[in-house]
Structure formats: structure tokens, C-alpha cells
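Chains, contacts and geometry: an overview
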Amino acid sequence: MQSKSFLSRGSSVLLEPGHVAGNVAVATSEATHSPSVRRVAAVRCIAGHIILILAFAIAFFILQKLTFLLRFPPYERTTLWIPGALTFSALLISPISGWWRFYIGLCIAGYAAYYGDPEIPGVVALLSAQFHFAMVAVGAWGILRLTNRDPFATVPSMLVFVFAAGLLVPLATSAPSDWIRWMRGLGDVWPTAIRSFLAISLGMLIGTPALTTAMKHGRGWFRSVTLREGIEGMVLTLCLMSVGLWVFTTSADSRAIPALVYAPIPFLLWAALRFEVVGASWALLAIAYLSTWNAINGRGPFVGGSRDDHVLQLQIFLMAVALPLLFMAVVVGEHRRAHALLLREMEERRKTEEGLRHASRLAVLSEFTASIAHEINQPLGAILCNAEAAELLLEKPSPPIDEIRRIMVDIRNDDLRASEVIRSLRGLLKRGKVERQPVSIYQIAMDVIAILRAEAERRGIELQLELGRVHPIVLGDRVHLQQVLLNLIINAMEAMKGIPDERRVSVCTLQRDDEVVVSVTDRGPGIPPEQIPRLFDRFFSTKLEGMGMGLAISRSLIEQHGGRIWVENASDRGAIFRFSIPLEKVDTKAEMEADTSWNRELSR
Amino acid sequence: MEQGIIAMTENSPLIHVVDDDDSVRKAISRLLQAAGYEAQGYANAGEFLLALPISTPGCIIMDVRMPGPSGLELQTALNRQGNILPIIFLTGHGDIPMSVQAMKAGAVDFLTKPVQSQTLLAAVSNALEIQGRASQQQERMDYLRNCYQSLTDREREIFRLVVQGKLNKQIGAQLGIAERTVKAHRAQVMNKMEVNSLADLVRVAGELQLETEFSDV
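**A look at the overall build of chain B**
The secondary structure content of chain B amounts to 10 helices and 5 strands. Among the 217 residues that make up chain B, the fraction classed as buried is 43%. Considering only contacts within chain B whose residues lie at least 6 apart along the sequence, 64% involve residues at least 24 apart.

**Some thoughts on a nonpolar patch on the surface**
All names here are of chain A. Judged by side-chain polarity, Ile 46, Ile 50, Leu 54, Ile 58, Ile 62, Leu 66, Leu 69 and Trp 293 come together as a nonpolar surface patch covering roughly 750 Å² of accessible area. A per-element tally of the nonpolar patch places helix H3 (residues 28–68) first, with 6 residues. Position of Ile 58 relative to the elements: it lies in helix H3.

**Thoughts on the interface of chain A and chain B**
Of the residues lining the interface, 24 residues belong to chain A; the matching set on chain B comes to 22 residues. On inspection of chain A and its partner chain B, the count reaches 4 salt bridges. In this assembly, chain A and chain B are joined by 11 residue pairs in polar contact (both at pLDDT 80 or more). Contributing elements (two or more residues each) for the side of chain A that touches chain B: helix H13 (369–394), helix H14 (401–429) and helix H15 (441–458) of chain A. In terms of residue count, the dominant contributor to the side of chain A that touches chain B is H13 of chain A (14 residues).

**A few points about the packing of H14 of chain A against helix H1 (residues 22–34) of chain B**
Running from N to C, H14 of chain A and H1 of chain B point in directions that differ by 145°, and their axes come no closer than 11 Å. Considering the relative orientation of H14 of chain A and H1 of chain B, their crossing is left-handed. Contacts between H14 of chain A and H1 of chain B involve Glu 403, Arg 406, Ile 407, Asp 410, Asp 414 and Arg 417 of chain A on the former and, on the latter, Ser 23, Lys 26 and Arg 30 of chain B. The residue inventory of the contact of H14 of chain A with H1 of chain B, partitioned by class, reads 1 nonpolar, 1 polar and 7 charged.

**Notes on the packing of aromatic side chains**
Residues and elements named next belong to chain A. All told, the structure shown has 10 aromatic pairs over all chains when counted by the stated rule. Ring centres of Phe 60 and Trp 81 lie 6.3 Å apart, and the angle between their planes is 80°; on these two criteria the pair is classed as edge-to-face. Here Trp 81 lies in the loop between H3 and helix H4 (83–93) and Phe 60 lies in helix H3, a separation of 21 residues in the sequence. Here Phe 60 falls in the buried class, since its relative accessible area comes to 3%. Aromatic side chains Phe 88 and Phe 161 sit 5.5 Å apart centroid to centroid with 85° between the ring planes, which places their arrangement in the edge-to-face category. Note that Phe 88 is positioned in helix H4 and Phe 161 in helix H7 (residues 155–184), a separation of 73 residues in sequence. Each member of the pair, Phe 88 together with Phe 161, is buried. By way of ring pairs, the aromatic residues Phe 56, Phe 60, Trp 81 and Phe 102 are connected into one cluster.

Reading the values: the criteria
Residues numbered from 1 in each chain as written. Chains lettered and ligands numbered in written order. Predicted model: local features only at pLDDT ≥ 70, side-chain atom pairs only at ≥ 80, totals over all residues. Heavy atoms only, no water. Helix = DSSP H or I, 4+ residues; strand = E, 2+ residues; numbered from the N terminus. Buried < 20%, exposed > 50% of the residue type's maximum accessible area, 1.4 Å probe, protein only. Contact = heavy atoms within 4.5 Å. Patch = residues over 30% accessible without salt bridge, like charges linked within 9 Å, V, L, I, M, F, W, Y side chains within 5 Å. Areas by Shrake-Rupley, 256 points an atom, 1.4 Å probe, with all protein chains shown as cover. Salt bridge = Lys/Arg side-chain N within 4 Å of Asp/Glu carboxyl O. Polar contact = N/O pair within 3.5 Å; in protein donor to acceptor, adjacent residues only side chain to side chain. Axes fitted to C-alpha atoms, helices over the stretch in contact; angles between N-to-C directions. Left-handed = near helix turned anticlockwise from the far one by under 90°. Nonpolar A, V, L, I, M, F, W, Y, C, P; charged D, E, K, R; others polar. Phe/Tyr/Trp six-rings, centres within 6.5 Å; stacked < 30°, edge-to-face > 60°.

The following block contains the structure:
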């Protein structure tokens, strides 16, 4: 609250004596300034409290006077008593240790509001303020204890709020003056008591959410409103005000249709659904003021029958609308927050999954960094030799230009070859967003083979690539599909550890109907049939050093592409892993072009 | 063979480059040619084995890791066949056990790619020097063996006994021939083996490692 901000603005050191002593010992020059600085801070602190008390008292007083306007002429009591909402809001957003300031402010304002009123002497006004404050304090304390500071967050806390603000506080606030009236024998007290109870209850229920939000967030709340919300809010206000004016200013003698009172309800629902409790509260306040003000001035649907009926009709109407609306707003808010939380959790989960995949890619790649280095080293070595040969040739009396030109061509080709290896690696090392775009299964297979060729050579394994006649394009993430193929080929190579003959892994692509099937076949011992059902589970590994993530990640990646992954044993020896990806429809011309370019590439 | 090396003399050294990587093989051959050597490339161990036997002097530059038989396996095979061409290994990432194995099997150098021309050419000239010494020795051996082959059985017998330190009289008594005849045979042996003194004859016998095989030659 305000005093708190004063505390934090003044040097906090000066408010903690022990701390000051420590500082004095350290820095004597500060010690000479200390008393005056301390005095200034103390004055600031006290001034802050006084300003807050006065501000609260003035606000309370003004609200009190404003609500007096909403009186039906013969009655002294208002139809809608808002100031109680101010007290409640203040206590809800202030720490309990600061409540005393509002107590003082309330006493001042309560006394001032009834000053000079012959009906209610100062003592009664003060007594009423005590009761009011005590009940508000009990209600606010209960809410703070039970609801983590925001009574409008959940349905149970809203129930506590309704019990405190709609029942306890109104009873305690109106009871003393009713009692005095009864003691003085001022006619039938009962209708008056009901009216004033309902007035306070309505004011508390409708006003507290609006005032709490306004006091808590202040200008910050306006800043947090997006443009779309702002426009929607303005449109809503406009609609609500026009409908309210139309409904509640229809003159009584023009045979007003009673059902017209339902006209504002859609807009109140709009406010509750879109702007939650705050919106509902402000909309209700507006409708309440409009209806009451016009009813007092003899307009609208509530003018008919006796005056007692007017007030009661109006109050019951407002209560009947306000309670369900507020609860609905709470439920909507709860639902919206739960939804946001769910979305956030899903996003976090997605990030974790991507992190895991990335880590798995890195782990796989790090296993054969030596082979990858070799793959880059080869062209680099060739480039060096070629460049030095060119240097030697240039030193000759008549350098053979043609030969040097050929050397240059070779240097360029080797450079491109090295950068091609790096390019195919870079995607796998990168940790990026999932990108769905048309990708060529051939390109993916070729890239993976390029990375793994040296490793296969090192292990003495022949890596075969059999590409189908057509050139399949699928919609997917290039890196993720490469990762799947990488995992499968490495598993296949692992499977052939200790197999002396036919050390061969073949990768085939096959297009059938509307999907492309990629298979990785090894000539290892195959998969024991009892392991097949669990093979793609997390943390299931047949390797000693395996984490059991590779195939699980592969499956989740393939399923995200709308495909399947499965395994079977070959009839004679070895295992066949297959995955399918739905085909992307591409125009045949592009397909043909891609096809011929690939055939060229392959024949090279 | 590339142009520019046509004017090679019969005995100019030939460097054999065995590497499965086309561009690396080509680049190394080209560097060697620019440095004035004759170079011949082979894509794998099999291709090189088909080119055997090689009579020209030279050396082999060989990749360790190749499809099919590795460089180390080719080295073992060549050693078994009595290869005298020195081997320089050239590898992308050699580890210590690999280089130890290669050096123990007689490799003259173990270089890592990418290799600087200075290093490579120094290794080549060192290998050629070693090969030159080896082939000189080989030539002398061949020559001595030829001389030895020209001896008659009787002369070889007398050669053996002379080298064993027997006197003419003793040899004559042992073989049952006259001392004069022994003398004549002995002069013939000295003549055919192209030596002037007994000491030289003993040395030649040592070079030929005759003592042990005397009985069966």
C-alpha cells in the first residue's frame, strides 16, 4: 500500500536500528548525517500514513454522499450502499498490520457523513462504523486466510466472500441504527431494516470486485489492457449504457413491458464472460446506478405499485442478477486460468521433448565425431596437397597453366565437398523450432549416408542405398526425419557387432499409394520376438550402454509426422526397421525435375 | 600417367599412392609429380597387388583405412612376399597402437592428414634413400650369389673348407686329392668370387651367410 511504498522509498537501513549501528561503525561520515536523515524518513513515514488515512476518509465520505443520492425521497436510507465495498477492498489489498489506518479513516468519515443529522447522533454513527469495520475485518481476515489474497479466484473463496460481504457485514452495519429506530418507536422498523440490509449487501457484492481491482492495479491495469480488449470494452460499455438508458428511462405511463428488464442481461453476460469478475462488477455497478437513479426519478420498469415495492423490486432484481453473474464470472476466470496453465504446461513439455531429442541427436553424433572429422579432413588434405602442388608448379620457369587450372577445379570441388558434410551436420546439431515443410526423402537419406559413410567404413560395414524410381516428397521436419534415419542406421550397424560376414546395412525407400516407406535392413542376429512389443518404449534398451531413448524418440517423431514405425525380422537373418510417412501432394512437374536431378546426382 | 614425366630415365623412382579417396589420391600424386617424382595411384589394396612384382625403385604411400584390406593388412601381405619398397602411412586420424604396429612391421613413416608438402616430400626422400641403400645391398647380394652359383661343386667344397680355416694340406688329405690340385681349385675360387685375399673371401662368405647352408648348397 501507500505507506509501504513510502517505507521502501525512504532508506530501509534507517528503519532498522541494529542495521544503522552496524553501518555507523563502518562509515563514520554517514553517522554525522544519520540523525537528520532518520528524522526526514520518519516524517515521511508518518506523513504517508496521514495521507492514506485522509485519502481513505475522503473517498469513503464522497461515496457515502454519492449513495445518498440514490434515495427514494421519503426514505432516508439509500437503495445501494457502496462505501462498504471501499472498506472491504482496502482491507483485502492491505497487509493486516496496516488495517488500523483504515479504521481511523472510517471513524472520521463515518462521523463526518452523519454530522448534523438529527436522526443519527454522532455516537450512533461511530458505533455503526465500529460494527461495520469489525465485520468487514472479520470477513476480510477470513478471505485472506482461506483464499490466498484473491477472493475472486475460485468458487469456494467467492462463497466466503459472499457470506462475509453479502451477509455478515450488512447485518452488522445496519443493525445498530435499526435498533435505535426500534428503541425510539419509529413505526414499523422491519421493511426499513430489510431495505437497508439489501442496500448494503448489494453495494458490497457489486462494488468490492470493481474497487479491489481499481485500487490494486491502478494505472497498471489500464496499461496491461491490449488494444483489442480496450475496443471490446468500449463497445461493451456503449451497448450496456444505451440499452440501460433505453430500458430504465422508459416512462412509466407508456405501458412499459416488465420483461424489458431482461434486456441488459446479455450485455452483463458478455461482460462476465469476457472480462471476468472485474467486468461483471463494473457492468453491474453501471446497471445498478442507472436503474436506481431512474426509478427514483419515476422512470423505468420498477415504477409501479407502492414505493416500498419499487425499492424492493429493484433490489431483488439486482441481487438476482448480481449473484449468479459474479459466480459465473469466477467460474469463467477459473476455467480460463486453468486453460492458460494447461497451455503453458504443454508448451513446457514440448520444449522438454525437443531438448531431449536434441540431446539424443548430440549423443548419437558425438559417438562418431572421429568419423565425421575424417570426412571433413579428407577434402581438406586434398586441398592442401593441390595448393602446394600448384605452388611448386608456379615456381617452374614455364608453369603448366592447364594443369594449374585443373588443380583449381579440384580445390573448389573438395571445398564444396567439405562444406556439404558440414551442412548436413549443422541441421542435426542445431536446436531449432519444428518446421513443417516439403522435404525430399532422398535428400534426407543422402545426407544421413554422407554423415555415416566414414563411420560405416571404420566398422567395415557396407552401406547400401536403394532409392525407388519416384522421388517422394513429404511434409515434415528435415532434422527430425534425419534423426530417425540416423538412429535406425546406427542401431543396424551396432547390431552387426561381431558378425563376420555380410556386414551390410541397406536403406531402401519405397513409395506406395499415399505414403512413402523407408526401411533399414541389417544382417545382424535379428530381434528376439519377445522384445519386439517393448522395443519402442522409453528406457528399453538391448545395448549395455544404451539409454533406451533412441527408438522411443524415433517413434514419437514419426507419429508426429502422421506416420508409423515398426520392426520385423527378415526371413533368414537380421532385422528390418520400417517407417512410413504420408506423402505430400506435389505437382508432377516439380517431381519430374527433382527426379532427374536426383538421378544425375546418383549417377555421379 | 600425367604428362610431363615422359622423360623419365629407366631407374627414376616411382611412388605408389594407395588411397581409396579419389581426390586425395589425385592431389598427392599431383604434388609428387610437381616435386619431380613419378607417381602411380591405386584405389585399393587389390589394385596394387595386381601391379606386382614391381622392379623399379620407389616407395609406397598408403592410407590405413580403406574398403577391403586395410593398409596394415596390405603391409603384412607385402612383407610376406619379400617386398623391399619402403611404406609411408598416411592416415586421417592414426592412433598410437596403429602407428606402433605399422612401424614394427617396417613402415618408414606414419603421417597424419592433412599433410604438408614439406613433411611428405621429406618422408618420401628419406624412404627413397632407405630403399636405395636396400637395393644396393640387394644388388650386391645378387651379384655375390651369381658368383657363388658359378662355382663347381668341388670348388664350393674347397671354399667352405678354406673359410673354415683348413690348410691346403689338410684339405687335400680330407678330400683325398693332391695339395697342388687344392691350390689350383682355391685360385679358381678366389678368381670367380673376385677377391684377392683370404680375408676378403671370409667376408664374402659371411655376407652370403654360407656357414650354415654350406652342406646343402
